[in-house]
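Breakdown of the fold
Residue-level listing of the chains:
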Amino acid sequence: MKLLHNAKLFDGHAFLLADALAIDAGHIVRVGCRDDILTEDAEIIDMEGQIVAPGFVDTHIHGCMGHGCMQPGGTLAMAEQLPRFGVTSFCPSAVSSGVEETQAFLRDVKDAMPREQGSRIVGAHLEGPFLAPDARGIHREAALCLPSEEAYRSLTDGCEDVVVRVTIAPELPGAMDLIERLATERIVVSLGHTSADALTCRAAIERGASLATHMFNAMPPLHHRDANATVEMLTNDAIRCEFVCDGIHVHPLMAKLLLRSKGDGLGFVCTDAMPGAGMPDGRYMMDGTGIDVRDGQAKIGDRLAGSTATMDAALRNLVTLLKVPLERALAMLSYIPAQVLGLEDEIGRIARGYQADLVVLDDALDVQACYVRGALAWTK
């Protein structure tokens, strides 16, 4: 058994008076004061007064540290690198591709999940191909198709159990039926890459959509006489909104608007990161396409092409740039995304019975160590 003590414990909701937690068999077995939970056989680890919080959960990521999940072996390589950024669980996210490429991606995810190397792979996110052509961003138009159960089954053949999230533009013919079908299978349906109006978006939410993909990006802009998808997602409490908190994808004032509109528990952070995340400027490949990173911005021509954001940097941006209280910011990277994925009873909390997935932060909110399944996955 491991005993982590002398810590500032954040349990997913608030900081605790307790300063220690005990880990056994990959789970948290006790939380309290050191002397109350100390046992003779415990391996005692001094946290030196640092913050210990639930590990970060990235619901939307395409790559990092030179690796992309559309490459063979890319998902496992990402899992091995992500603990350095405090990420203990993530959804590798596919870009719109053909059937063979998507199936290869899903098989790669399926092969990597049971290996338990590095960050936990909670399942795959299909960001397409059911996207609106006029809001596709960098997704190849030739790879897009209309949503239908037949098209979805073709993409996921043999790997249906791997998919935990699908992004769909609700205005497309066939979208509503597929949204309802996927929701009944407990797959998170996310609305994004859309030009829909508010009524169409509302209908999709009523059919089971529960999430907005990288809020504001690949969506219609706000206008005071246009009730569009963006307005509906900001004002409808039945849907949560992820956003990229890098100061580039969403202006800080728009991010503040999102957080004021959604309130506690409905807005949270993802990275939408590409292989250049955590790496110096240069050219990186994603799904066979070259992406240039300059001054931390990933672009194809003049279009943003994912981000170079990392979750620990997003935490610092929330606190310093957006002035979000630390407790709320930490929850936006851990407990709330765990809820989005339906895993709030397993991860995203420091409490008895939860997975021992932890991030250790200093007062500057830099990652000092990361534990996954109770084992030290990275240390500075």
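Residue numbers run consecutively from 1 along every chain, following the written order of its sequence. Local features in this predicted model are restricted to residues whose pLDDT is 70 or higher, and side-chain atom pairs enter the listing and the counts only when it is 80 or higher, whereas totals over whole chains, interfaces and linings include all residues. To get the side-chain values, all heavy atoms of the structure are used, and hydrogens and water are removed first.

Quick word on the overall build of the protein
Helix and strand labels come from DSSP, where a helix needs a run of H or I of at least four residues and a strand needs a run of E of at least two; each type is numbered from the N terminus. A count of helical and extended segments in the protein gives 11 helices and 24 strands. We compute the radius of gyration over the C-alpha atoms and compare it with the globule rule, which gives 2.2 Å times the number of residues raised to the power 0.38. Here the C-alpha atoms of the protein give a radius of gyration of 20 Å, agreeing with the 21 Å that 2.2 N^0.38 yields for 380 residues. In terms of overall dimensions, the protein has C-alpha extents of about 65 × 45 × 45 Å along its principal axes. Reported accessibility uses the Shrake-Rupley method at a 1.4 Å probe radius. Residues are deemed covered only where the shown protein chains occlude them. Summed over its atoms, the accessible surface of the protein is roughly 15,100 Å², and 48% of this surface lies on carbon and sulfur atoms. A distance of 3 Å separates the average location of the 33 positive side-chain charges in the protein from that of its 52 negative side-chain charges. As used throughout, the charge tally considers Lys and Arg to be positive and Asp and Glu to be negative, leaving His and the chain termini uncounted. Every charge is mapped onto a representative atom, which is NZ of Lys, CZ of Arg, CG of Asp or CD of Glu.

A look at the sheet that holds strand β5 (residues 43–46)
Strand order in this open sheet of 4 strands is β4-β3-β1-β5, and the pairing throughout is mixed. The strands lining the two open edges of the sheet, one partner per strand, are β4 (27–32) and β5. Going across the sheet, the axis of each strand differs from the next one's by a mean of 20°, ignoring polarity. Taken together, the 5 bridges between strand β3 (residues 20–24) and β4 define a ladder with antiparallel strand orientation. Bridging across to β4, L21 finds its partner in V31. The rule for pairing is simple: two strands pair if DSSP sees at least two bridges between them. Orientation is described by lines fitted to C-alpha atoms, with helices fitted over the stretch in contact, and by angles between N-to-C directions that extend from 0 to 180 degrees.

Quick word on the sheet that holds strand β22 (residues 358–361)
Each strand in a sheet pairs with another by means of backbone hydrogen bonds, the pair being arranged parallel or else antiparallel. Spatially, the 5 strands line up as an open sheet ordered β2-β6-β22-β23-β24, and their pairing is mixed. Of all strands in the sheet, those with a lone pairing partner are β2 (8–9) and β24 (375–379), marking the two edges. Sheet topology places β2 next to strand β6 (residues 51–54); 2 bridges connect them, and they run parallel. The residue of β6 that forms the bridge with K8 is I51.

With respect to the packing of helix α5 (residues 175–184) against helix α6 (residues 198–207)
One way to put it is that α5 packs onto α6 with a least axis distance of 8 Å and a crossing angle of 30°. Compared by their axis directions, α5 and α6 come out roughly parallel. α6 is crossed by α5, and the crossing has right-handed handedness. In this structure, α5 uses M176, D177, I179, E180 and A183 to contact α6, whose residues at the interface are T200, A203, A204 and R207. We call Asp, Glu, Lys and Arg charged. Ala, Val, Leu, Ile, Met, Phe, Trp, Tyr, Cys and Pro are nonpolar, and the rest, Gly among them, are polar. When the residues that make up the contact of α5 with α6 are grouped by side-chain class, the tally is 5 nonpolar, 1 polar and 3 charged. Orientation is classified from the angle alone, with under 35 degrees giving roughly parallel, over 145 giving roughly antiparallel, 65 to 115 giving roughly perpendicular, and any other angle giving oblique. Crossings are assigned a handedness: left-handed for a near helix turned anticlockwise from the far helix by less than a right angle, right-handed for a clockwise turn. In this analysis, two residues are considered to be in contact whenever any of their non-hydrogen atoms come within 4.5 Å of each other.

A word on the state of the cysteines
What makes a disulfide is a covalent bond joining the sulfur atoms belonging to two cysteines. Pairs of cysteine sulfur atoms within 2.5 Å are what we label disulfides. In the structure shown here, the tally under the stated rule is 0 disulfides. The cysteine C69 is free of any disulfide, with C64 supplying the nearest cysteine sulfur at 9.7 Å. Burial status follows relative accessibility: with a 1.4 Å probe on protein chains alone, a residue under 20% of its type maximum counts as buried, one over 50% as exposed, and anything between as partly exposed. We classify C69 as buried; its relative accessible area is 1%. There is no disulfide at C370, and the cysteine sulfur nearest it, in C64, is 12 Å away. Since its relative accessible area comes to 0%, C370 is described here as buried.

With respect to the nonpolar core
For the purposes of this section, nonpolar cores are sets of buried Ala, Val, Leu, Ile, Met, Phe, Trp, Tyr and Cys residues that join through side-chain atoms within 4.5 Å. Ranked by internal contacts, the top residues of the largest apolar core, which has 96 residues, are M215, M233, F243, L318 and M332. Residues L4, L9, V52 and Y371 belong to the second largest nonpolar core, which totals 18 residues.

Here's the deal with the pattern of salt bridges
Within this document, salt bridges are pairs made up of a side-chain nitrogen of Lys or Arg and a carboxyl oxygen of Asp or Glu, the two lying within 4 Å of each other. Under the criterion given, the structure shown has 19 salt bridges. Among the ionic pairs, R181 bridges to E185, the shortest N-O distance being 3.2 Å. When its relative accessible area of 40% is taken as the criterion, R181 is described as partly exposed. Residue E185 is classed as partly exposed on the basis of its relative accessible area, which comes to 30%. Each of E149, R153, R181 and E185 takes part in one network of salt bridges that share partners.

Describing helix α8 (residues 252–262)
Here α8 has its buried residues at P252, A255, L258, L259 and K262. The buried residues of α8 all sit within an arc of 115° when viewed along its axis, so they share a single face. Residues of α8 that are exposed and angled more than 90 degrees away from the buried face: L253 and R260. Tucked inside the fold, the buried residues of α8 contact α7 (229–235), β16 (240–244), β17 (267–270) and α10 (326–333). Where α8 ends, the next residue or the one after it, G263, has phi of about 75°, a positive value. Here, the arc refers to the directions that run from the helix axis to the C-beta atoms.

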